[in-house]
There are 2 protein chains.
Amino acid sequence: MALIVQKYGGTSMGSVERIENVAEKCIAAQKAGNDVIVTVSAMSGETNRLIALAHDIHKRPSPREMDVLMSTGEQVSIALLAIAIEKRGVPAVSYTGGQVKILTDSAFMKARIKGIDSDNIRRDLDAGKIVIVAGFQGVDEHGNITTLGRGGSDTTAVALATALHADECQIYTDVDGVYTTDPRVEPKARKLDRITFEEMLEMASLGSKVLQIRSVEFAGKYKVPLRVLSSFEDGEGTLISLEEENPVESAIITGIAFSRDEAQVNVVDVPDEPGIAYQILAPVGDANINVDMIIQNIGVDGKNDFTFTVPRGDYDTTVEILRKNFPPESGVVIHGSNIAKVSIVGVGMRSHAAVASTMFQALAKEGINIHIISTSEIKISVGIDEKYLELAVRALHEAFGLDKA
Amino acid sequence: MALIVQKYGGTSMGSVERIENVAEKCIAAQKAGNDVIVTVSAMSGETNRLIALAHDIHKRPSPREMDVLMSTGEQVSIALLAIAIEKRGVPAVSYTGGQVKILTDSAFMKARIKGIDSDNIRRDLDAGKIVIVAGFQGVDEHGNITTLGRGGSDTTAVALATALHADECQIYTDVDGVYTTDPRVEPKARKLDRITFEEMLEMASLGSKVLQIRSVEFAGKYKVPLRVLSSFEDGEGTLISLEEENPVESAIITGIAFSRDEAQVNVVDVPDEPGIAYQILAPVGDANINVDMIIQNIGVDGKNDFTFTVPRGDYDTTVEILRKNFPPESGVVIHGSNIAKVSIVGVGMRSHAAVASTMFQALAKEGINIHIISTSEIKISVGIDEKYLELAVRALHEAFGLDKA
């Protein structure tokens, strides 16, 4: 007998009919011989309704009271799902985060889980019940209700799977798995059967918003196999697990991620002094602006050129900050442009040297100019003109044979 | 400095604007030099919305899960009220029943309060906070969420007032106090400044639905002064307190209660045997039918006539039950009719013998025939034809001078 944790998001719980569908899936998992714990989000629209009520009263409501308010959304969901399961003759019991209890710190609206008391859940599973736990919420050491921030139900599911040593944590969503790239850009994109935690993190942080990054990190850290699958269609979804549990696949590259939300900042003719990189980037970081790709060109006659990327919305602020240290009269030229970022991701890269050249060749063949490059052990990212984004994704998908299993 | 518990019902909390109005009232009470605890109901309509969701899934949802579901209504209210108070620069804190904690038995959907832990509330009051407690809900010894049944927020308020030895428990509602009778029937009805617990119980159980009977009983038992007043208009409302705290008023009668929901059952020509009353009434009581007024006429030639009243909706069932023991061939005649009940209520009755004759004279003067009479120490009720109800109420109101303070 295996222990499975299932998580259903707001869309999956969006109506009475959909809740009945979730009940059927939970029961099917139990009938297949598993112990089943289910974590659910608020019905879609409910969290926004509650936030709107609060904001009608006050633009900046206190985080403690927002958590009291918002946690009701998941509480409604757990009760309705329990009722739907019990209607089918299967025993079920619902728990709020506080009842479990899921102990968190006291950072209201963005709390972190510190521990989970699994006694009640174990007892109920042993009694043959399906155990339903409100996602997204917990309780601090003083008994205050806390929430984990939006999307925190994924984190609740992974935390429960970890605490109870579950065999698998299944995240039900409105897509049927993780794809080699976004099918809206490349119709030949293929659903992956498996992907490693590291690859998933690179894919997620680069814009494939299937899973919350925190929950993938958490699952990877505690080695809980994660599976993404559809609430609405049957199928095996995509299993996210450790590298050693992923069989060697022929593909060197697992997927292609991309983001339109980038801007490139060029800082030209900076004096070549020790500590100049720090002098440029520290004030930007201090302003909570996330610097991504960085290049320093060693220039001629004691001057350097510095290029880096920031989120597009932070571009103007970044230039303002730089101008404080490097006013126009310093001779430093600052300019920039919007760019798109395309990344190839894959653990296979570690043992294959020719990956970068394949990538650059594919882009060159299409006449796409690369402005900036950054690499990690399992990822190569390039910054290109936004207008070439879709073309670049399709060219790389083809070049690495991602449409073939 | 006094300690006041205020309770606001669903209508008072029915919109963001009304919640802001409640916030103003709470703050005014604090600024007047009081410690303030507030209990609130779910926003009007919310409880019905939640019940409808559950019933869409299952006609008979489990009581435990219904309580998980329904308790969210008050949880939303406490958070919104806290936000509205904090917006005005006054510190506030909200608590669910479980957080307080309000310990109840495990009778889901109709739980009874066993105890209240007042430590958190005391600490917050001492820190100058307005303390907001979700009405209607508690938690059992296993940590399950319970509710007290509809209208239970009044009970929560009285229980808090008792546990914290409050000086007054104020029930804010959509009427401005308790009236001598229903102003829709007698426009000269006058708002009472004071009424005793006993009188209020007689008035409430006879159909003046201002307060939940259980909360009045509770307040009387623990001697917590109750005040009924309007959320929407200024005024002192009506104070419900012990008899000795009510100054002697000139009126012998305090108010007139009435109910249309009555039926009279006549059981004629019953054999005059020992135990016949038990034989008639026991099966009716066993069927959970509430028998109210009872008369036994000692008849001639060994026969008795028996008359009693039941709620109108139970009339047919009552006759069916009686026919089992007294089939037509037994010679017992069973018939009946809808009647209305009018009652005069007042502690002054104890020391005034002529009250009954004044009542009967006033009704006789209007040509109103009395079918059945019952009395208690502070109440005289008569059953009359329903068509005379309004006329009887007005005649009695006049006869006892209730329009004059």
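Residues numbered from 1 in each chain as written. Chains lettered and ligands numbered in written order. Predicted model: local features only at pLDDT ≥ 70, side-chain atom pairs only at ≥ 80, totals over all residues. Heavy atoms only, no water.

Caption draft 1: Quick look at the overall build of chain A. Along its length, chain A carries 12 helices and 18 strands. A compact globule built from 405 residues would reach a C-alpha radius of gyration of about 22 Å, and chain A, at 24 Å, matches this within 12%. Once the C-alpha set of chain A is aligned to its principal axes, its extents read approximately 80 × 50 × 30 Å. Buried positions account for 54% of the 405 residues belonging to chain A. Sequence-distant contacts in chain A: of pairs separated by 6 or more residues, those separated by 24 or more amount to 73%. With an accessible surface of roughly 17100 Å², chain A has 49% of that area assigned to carbon and sulfur atoms. Here chain A contributes 40 positively and 56 negatively charged side chains, and the mean placements of these two sets differ by 3 Å. (Helix = DSSP H or I, 4+ residues; strand = E, 2+ residues; numbered from the N terminus. Rg over C-alpha atoms; globule rule 2.2 N^0.38 Å. Buried < 20%, exposed > 50% of the residue type's maximum accessible area, 1.4 Å probe, protein only. Contact = heavy atoms within 4.5 Å. Areas by Shrake-Rupley, 256 points an atom, 1.4 Å probe, with all protein chains shown as cover. Lys, Arg positive; Asp, Glu negative; His and termini not counted. Charge placed at Lys NZ, Arg CZ, Asp CG, Glu CD.)

Caption draft 2: Quick peek at the pairing of strand β15 (residues 303-311) of chain B. Residue and element names in this part refer to chain B. Alignment of strand β13 (residues 255-271) against β15, held across eight bridges, turns out to be antiparallel. When the bridges of β15 are listed, Gln264 appears paired with Thr309. Where strand β14 (residues 294-298) lies against β15, five bridges are found, and the strand directions are antiparallel. Bridge assignment links Ile294 to a residue of β15, and that residue is Phe308. Count of turn residues in the β14/β15 antiparallel hairpin: four residues, of which Asp301 carries a positive phi of about 35°. (Pairing = 2+ DSSP bridges.)

Caption draft 3: Region of the structure containing unusual backbone geometry. In this structure, the amide linkage connecting Val100 of chain A to the following residue, Lys101 of chain A, adopts the cis form with an omega of -5°. Considering the arrangement of structural elements, one finds Lys101 of chain A in the loop between α4 (97-100) and β4 (102-104). The phi dihedral of His165 of chain B is positive, around 50°, even though this residue is not glycine. Among the structural elements, His165 of chain B can be located in the loop between α6 (152-163) and β9 (168-173). With a phi angle near 60°, Asn288 of chain B is a residue other than glycine that sits in the positive phi range. Within the secondary structure, Asn288 of chain B is located in the loop between α9 (276-286) and β14. For Asn288 of chain B, a relative accessible area of 74% puts it in the exposed group.

Caption draft 4: Fine view of the relation of the copies chain A and chain B. At an RMSD of 0.1 Å, chain A and chain B line up after a rotation of 180° and a shift of 0.0 Å along the axis. Expressed as an axis order, the relation between the two copies is that of a two-fold axis. For chain A, the smallest separation between a C-alpha atom and the rotation axis is recorded for Thr72 of chain A, amounting to 2.6 Å. Take the interface residues of chain A: 100% of them recur as interface residues in chain B, which is what a same-surface contact looks like. (Least-squares fit on C-alpha atoms with pLDDT ≥ 70 in both.)

Caption draft 5: View of the sheet that holds strand β10 (residues 194-196) of chain B. Residues and elements named next belong to chain B. Spatially, β3-β6-β2-β1-β9-β11-β12-β10 is the arrangement adopted by the eight strands of the open sheet, whose pairing is mixed. Here the strands that pair on one side only, and so sit at the sheet edges, are β3 (92-95) and β10. For this sheet the average axis-to-axis angle between neighbouring strands, irrespective of direction, equals 20°. (Axes fitted to C-alpha atoms, helices over the stretch in contact; angles between N-to-C directions.)

Caption draft 6: Seen up close, the side chain of Glu46 of chain A. Its location among the elements puts Glu46 of chain A in helix α2 (residues 46-57). Given a relative accessible area of 13%, Glu46 of chain A falls into the buried group. Every residue in contact with Glu46 of chain A, bar those within four places of it in the chain, is listed here: Gly73 of chain A together with Arg49 of chain B.

Caption draft 7: Region of the structure containing the interface of chain A and chain B. Facing 40 residues of chain A, the contacting portion of chain B comprises 40 residues. Between chain A and chain B the total buried area reaches about 3100 Å² when both faces are included, carbon and sulfur atoms providing 66% of it. Contact with chain B buries area across many residues of chain A, yet Ile57, Glu65 and Ile83 of chain A alone supply 22% of it, more than any other trio. One can count two salt bridges joining chain A with chain B. The shortest N-O distance in the salt bridge between Arg49 of chain B and Glu46 of chain A comes to 3.8 Å. Where chain A meets chain B, there are 14 residue pairs in polar contact (both at pLDDT 80 or more). (Buried area = accessible area lost by both parts, 1.4 Å probe. Salt bridge = Lys/Arg side-chain N within 4 Å of Asp/Glu carboxyl O. Polar contact = N/O pair within 3.5 Å; in protein donor to acceptor, adjacent residues only side chain to side chain.)

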